[in-house]
Amino acid sequence: MSRSDVDVVVVGAGFAGLYLLHELRENGFSSRVLETGDDVGGTWYWNRYPGARCDISTTDYQFTWDPELHDEWSWSEKHATQPEILRYAQHVARKHDLYSGIDFETRVVGAVWSDESRKWTITTSKGENITCRHYVMATGCLSMPKEPDIPGTDRYKGPVYVTGRWPHDGVDFTGQRVAVIGTGSSAIQSIPLIAEQAAELVVFQRTPNFSVPAHNGPQPADRVARLREDRGAYEAEARLSTSGVPIQPSTTSALAVAPDTAREMLETAWQRGELLALGATFMDVGISRPANEVVSDFIRSKIASIVKDPKTAELLSPRGYPFGTKRPCMDTNYYQTFNLPHVRLVDLNTDPIRSITETGIDFGSESREFDAIVYATGFDAMTGAIVAVDIEGRDGMTLKKKWANGPLTYLGLTSVGFPNLFMITGPGSPSVLSNMMVSIEQHVEWIRDTLVSMREEGFETIEPTPRAEEGWRAHCEDCASITLFQDTNSWYMGANVPGKPRVLFPYIGGVGRYRKICDEVTARGFLGFELTGSVATRCNDGVVREIQPDVESVLEMMATLGLPPIEAMSPVEARAFSEASSAVRPPGPAVGEMIDGSLPGEAGPLEYRLYRPASGGPHPVVVYFHGGGWVFGSHVSDDPLCRDLCVQADVAIVSVNYRHAPEDRFPAAALDGYAALRWVAANAASLGFDPARIAVAGWSAGGNVAAVAAQMARDNGGPELRGQLLLTPVTDGSRQHQSHTDNADGYILTKSLMEWFWNHYADPADRSNPLASPLLAPDLSGLPPAMVVTAQYDPLRDEGDAYAEALSAAGVHVEHLRAKGHTHTSITMVDMLPSSVPPRRAMASALRRFFG
Ligand code: NA7
């Protein structure tokens, strides 16, 4: 085969390009690797600024695919310097004869797909056209320095240095007046070393960063020991971890420990000198602002204890954004450097740069001369290098145009309209939120296995489907929206480059989850991809992940507990089990007042709990019915949900117990529900409620009781209701709906558990009675406005949907929320699942609307 027509063209000879070249050769694919630089190394080739180091320990930041490397190469430090990592890359390239497969000093200037030939044509800076079946961008996430967006940059006559394009023979700042603009990782690593040489150093800071000490030295003893003991297990754990470094995830909330204990735990993490240690101390640092503040406060206190001038310490202290939502930094003596008399910090928020001048910088009310200016202003991250060249896919569409509002990919690996184009650590993959080595190896192996599989099956093209790509975008957004990342101006969000779309570019669901998803895509016959070849075409269209990521984590955690199915228990055992589970959940928000009492039910007293908001009354009131399949639960079993609705909707809630089956079967619960509603309405004024504003609400079987109570109120002369809020309600005892099959198992409420509930509650003959199955009522007109919430992964989904549709068809005003990615129980999990907040917020808004 000629060099101008190969199976695969790879752009970039960093760690990704090197490993991919090796794997392509091993598997008999012809290839060309094109590299702009004159040597291998990628990031570690370009970023030669003083102090450049990897922030991940050398026990973890190294290849695993060649086990011999572990014996041949020994790292001299815990965090390797740039020259050492570059030597490592060169060693790997020499050992595996990879230099011979790379065209150096060769840039790609164009790439065009042809549907006719089913090939890409790549044009290089050397004027060569190379055709290839597959085109892989191994261009790195932080390889395109950001254009300087500071006025007057081209006026300055002295030497200018950009951290990401540092001169190969180094720079001597001895005796010079130096300006450093920027305080990200590159600046934080280089400033202490530049300060050692410079006569005067002025640091221009726009946003302070959180930095933790590297405590560099030998490799961490505990990790070395684990590697020696069982390297395979260690590496496997890294691959399935959250960030690509084996760290046991915390199960402790930062808010659940005493402040002194939290400090001690954080001090231990601080002393470890590992980038991820502080964030991993508590389970909720990334998702809860108050929990994050515990860590942020700790770091600020450290800064205050290191930096002698309190004003400078305060300027260096990040405020207003959560720890971890901008890339945290690691340093050696960064904060200490500001104690040196010749080092000064300028806050650009109070003293902005007016202009770079011929001889220095005009800022605030000052003009200063400098002998050198260092731009440590960062990168056009994640997408900059990919869209730098117009990659023209099908129908003349370029990736740049397609991504104008944010990158659209399937798995961060591929994109619709660009057949046979692969990105390594592309946007939509864990990439910069992970140990890059782990993510690079996973992507290389996935691409390799995909190409081998296509060749074996006679396929020539692979391209994701629009549905799969949109599904992946939505999943990435679901993952991002439960974190604190979205409110911070970071390069993760594209916020550092003017005009760049604002989305979270990397996938934040975790390395392990991501790997499992990619493996699942392959195992399900390339789910979400269309494959074509001269012999066949195949398309398994679909969305690989729709469940909310935090809901999935809870299900995974529960699966590991191996709990017995409730339907194997007696009702008494099931009640005890339900109470025990309730005892360990977060309580929910504080309300103004809680009063327990009893009211007359249909056949005797019923307990209730009244939740009253702290605001002044009289409040509208919601009569609430708990879940528990008519068998278990009580007036207090949905306590967190009731508190949440009370606070968010600013309404009073009266949560009512009702008689339970099997002791009291149908229609006991329905009759008690209606009796309780009548009693609350009759006593509304004396209880401090607004008697004109009453609604019903309920979850699950309680949703059934609420819906039935609303029908009974309509048919029996009141009370008049302003609304009904039904959360994943039971509406139809026939259980013929498709969701009972689709979601039969695996989502806590199972098909067989639902059957167990019905068997305890009602005889088959009774189940078609509208008091058991409100969906089967002959007439649904004249009912109060409704909000019906159904969950995608709930056996009851379709009967809830059907009730919403039937109400609407009968002329009832209905708000119907289909909660994507949720289960029967997840929306009730207050303070446990961030993804359940929006549906509950919508429920509270509906209550407010009911009451005007
Ligand atoms: P970063 O982390 O993007 O840091 C760039 C820094 O430059 C940051 O402090 C920026 O402030 C600052 N900056 C950028 N533009 C300007 C302008 N116009 N004026 C003033 N200050 C500016 O890049 P690094 O190279 O340090 O690190 C990149 C990654 O490499 C790092 O996270 C590791 O993953 C390795 P801002 O915060 O935007 O206000």
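Throughout, a residue's number is its position along its own chain's written sequence, starting from 1. Predicted model: local features are reported for residues with pLDDT of at least 70 only, side-chain atom pairs are reported and counted for 80 or more only, and whole-chain, interface and lining totals are derived from all residues. Note: side-chain values were computed over all heavy atoms of the structure, leaving out hydrogens and water.

A. Fine view of the environment of Gly733. Note on placement: Gly733 falls in the loop between β27 (723–727) and α22 (739–742). Here, two residues are considered to be in contact whenever any of their heavy atoms come within 4.5 Å of each other. Contacts of Gly733, omitting those with residues within four sequence positions, involve Trp758, Arg767 and Ser773. Only runs of H or I of at least four residues qualify as helices and only runs of E of at least two qualify as strands under DSSP, and these elements are numbered from the N terminus.

B. Structural detail: the sheet that holds strand β15 (residues 366–369). Criterion used throughout: strands pair if DSSP finds at least two bridges between them. Spatial ordering of the open sheet is given by β13-β14-β15, a layout of three strands whose pairing is antiparallel. Whereas interior strands pair on both sides, the edge strands pair on one side only; in this sheet they are β13 (353–356) and β15. Across the sheet, the mean angle separating the axes of adjacent strands is 15° when strand polarity is ignored. Bridge count between β13 and strand β14 (residues 360–363): three bridges; the pairing is antiparallel. Across the sheet, residue Ser355 finds its bridge partner in β14, namely Asp362. All axes here are fitted lines through C-alpha atoms, helices being fitted over the stretch that makes contact, and every angle between N-to-C directions spans 0 to 180 degrees.

C. Focus on the nonpolar core. Among the nonpolar cores identified, the biggest contains 74 residues, and Phe15, Leu411 and Trp446 are the most heavily contacted of them. Listing elements by their share of this core, those giving two or more residues are β1 (5–11), α1 (15–26), α4 (82–95), α14 (436–457), α15 (466–481), α16 (511–523) and β20 (529–532). Not counting the four nearest positions on each side in its chain, Leu411 is found in contact with Gly428, Ser429, His443, Trp446, Trp472, Tyr514, Ile517, Cys518, Val521 and Phe529. Ala684, Ile694, Val696 and Trp758 belong to the second-largest nonpolar core, a separate cluster that totals 66 residues. In plain words, nonpolar cores are sets of buried Ala, Val, Leu, Ile, Met, Phe, Trp, Tyr and Cys residues tied together by side-chain atoms within 4.5 Å. Note on classification: 1.4 Å probe, protein chains only; a residue is buried when its accessible area is under 20% of the maximum for its type, exposed when over 50%, partly exposed between these limits.

D. Structural view of unusual backbone geometry. Ala661 connects to Pro662 through a cis peptide bond whose omega is 0°. Examined against the element boundaries, Pro662 turns out to sit in the loop between β25 (652–656) and α20 (668–682). The step from Phe666 to Pro667 runs through a cis peptide bond, and the omega angle for that step is 5°. Position of Pro667 among the secondary structure elements: in the loop between β25 and α20. Despite not being glycine, Phe526 has its phi angle at roughly 55°, a positive value. In this structure, Phe526 sits in the loop between α16 and β20. Phe526 sits in the buried class, given a relative accessible area of 3%.

E. The arrangement of empty space enclosed by the protein in detail. Buriedness of a pocket was judged along seven lines, with at least five required to meet protein on both sides within 12 Å; pockets are open sets of points on a 1 Å grid over the protein atoms alone, cavities are sets where a 1.4 Å probe fits but cannot get out, and lining residues have an atom within 4 Å of a point. Grid points are joined across faces, edges and corners, and a volume is the space filled by probe spheres set on the points. Scanning the entire structure with this criterion turns up three cavities of 30 Å³ or more. Lining of the largest cavity is provided by 14 residues; of these, Asp60, Gln62, Thr64, Glu235 and Val438 occupy positions nearest its centre. Contributions of two or more residues to the lining of the largest cavity are made by α7 (231–239) and α14. Within the lining of the largest cavity, the residues separate by chemical class into five nonpolar, four polar and five charged. Volume-wise, the second largest cavity comes out at about 70 Å³. The wall of the second largest cavity is formed by Asp55, Ile56, Ser57, Asp60, His79, Arg223, Val245, Ile247, Glu274, Leu275 and Leu276. For this classification, the nonpolar set comprises Ala, Val, Leu, Ile, Met, Phe, Trp, Tyr, Cys and Pro, the charged set comprises Asp, Glu, Lys and Arg, and every other residue, Gly included, is treated as polar. In terms of residue class, the lining of the second largest cavity is built from five nonpolar, two polar and four charged.

F. Geometry of the site of the ligand. Any residue with a non-hydrogen atom lying within 4 Å of a molecule or strand is treated as near it. What surrounds the ligand is a group of 20 residues, the closest being Lys146, Asp149, Ser186, Thr207 and Lys326. Here a polar contact is recorded for every N or O atom pair within 3.5 Å, except that within protein the pair must consist of a potential hydrogen donor and a potential acceptor, and residues adjacent in sequence are included only if both atoms are side-chain atoms. Take Lys326: an N or O atom from its side chain is 2.7 Å from an oxygen atom of the ligand. Between the ligand and the protein, one listed contact pairs an oxygen atom with a side-chain N or O atom of Trp491 at 3.4 Å. All accessibility values rest on the Shrake-Rupley procedure with a 1.4 Å probe; residue burial counts only the protein chains present in the view. Protein contact buries 88% of the 770 Å² of open area that the ligand shows by itself. Across the shell around the ligand, the residue classes tally to seven nonpolar, eight polar and five charged.

G. Quick look at helix α6 (residues 221–229). Within α6, the full set of buried residues consists of Arg223, Val224 and Leu227. For α6, the arc enclosing every buried residue in end-on projection is 100°, short of the 170-degree limit, so these residues lie on one face. Seen from the buried face of α6, the exposed residues on the opposite side, beyond 90 degrees, are Ala221, Arg228 and Glu229. Of the surrounding elements, those touching the buried residues of α6 are α7 and α8 (259–272). The arc refers to the directions leading from the helix axis to the C-beta atoms.

H. Spotlight on the state of the cysteines. Our working definition of a disulfide is a cysteine sulfur pair at a distance within 2.5 Å. Across all of its chains, the model carries zero disulfides by this definition. Left unpaired, Cys141 is separated from the closest cysteine sulfur, that of Cys54, by 13 Å.

I. Structural detail: the sheet that holds strand β21 (residues 537–539). Ordered by their spatial adjacency, three strands build an open sheet running β19-β20-β21, and the pairing between neighbours is antiparallel. Each edge of the open sheet is held by one strand with a lone partner, namely β19 (461–464) and β21. Within the sheet, the average angular offset between the axes of one strand and its neighbour, ignoring direction, is 10°. Inspection of the sheet shows β19 paired to β20 by four bridges, in the antiparallel sense. Residue pairing for β20: Glu463 is matched across the bridge by Glu530. Where α14 meets the sheet, it contacts β19, β20 and β21, and its direction lies at approximately 125° from that of β19.

J. Layout of the side chain of Thr64. Within the element layout of this structure, Thr64 appears in the loop between α2 (43–46) and α3 (68–72). Among the polar contacts listed, one links the side chain of Thr64 to the side chain of Arg239, at a separation of 2.9 Å. A polar contact of 2.5 Å, which involves the side chain of Thr64, links it to the side chain of Glu441. The residues contacting Thr64, other than those within four sequence positions of it, are His70, Glu235, Arg239 and Glu441.

K. Main features of the pattern of salt bridges. By definition, a salt bridge exists where a carboxyl oxygen of Asp or Glu is found within 4 Å of a side-chain nitrogen of Lys or Arg. For the structure shown, the criterion picks out 59 salt bridges. The partner of Arg223 in a salt bridge is Glu274, with the nearest N and O atoms 3.2 Å apart. With Arg223 in helix α6 and Glu274 in the loop between α8 and α9 (289–306), this residue pair connects regions lying 51 residues apart in the sequence. Glu274 matches Arg223 in its accessibility class, with the two residues each being buried. In this structure, Asp798 engages Arg797 in a salt bridge whose closest nitrogen and oxygen atoms are separated by 2.7 Å. A single burial state applies to Asp798 and to Arg797, both of which are buried. When salt bridges with common partners are traced through the structure, they connect Asp60, Asp222, Arg223, Arg272 and Glu274 into a single cluster.

L. Expanded view of helix α23 (residues 751–761). Within α23 the residues assigned to the buried category are Leu753, Met754, Trp756, Phe757, Trp758, His760 and Tyr761. In this structure, the buried side of α23 is in contact with α18 (571–583), α20 and α22.

Keep in mind that these numbers describe shape and distance, not what the molecule does.
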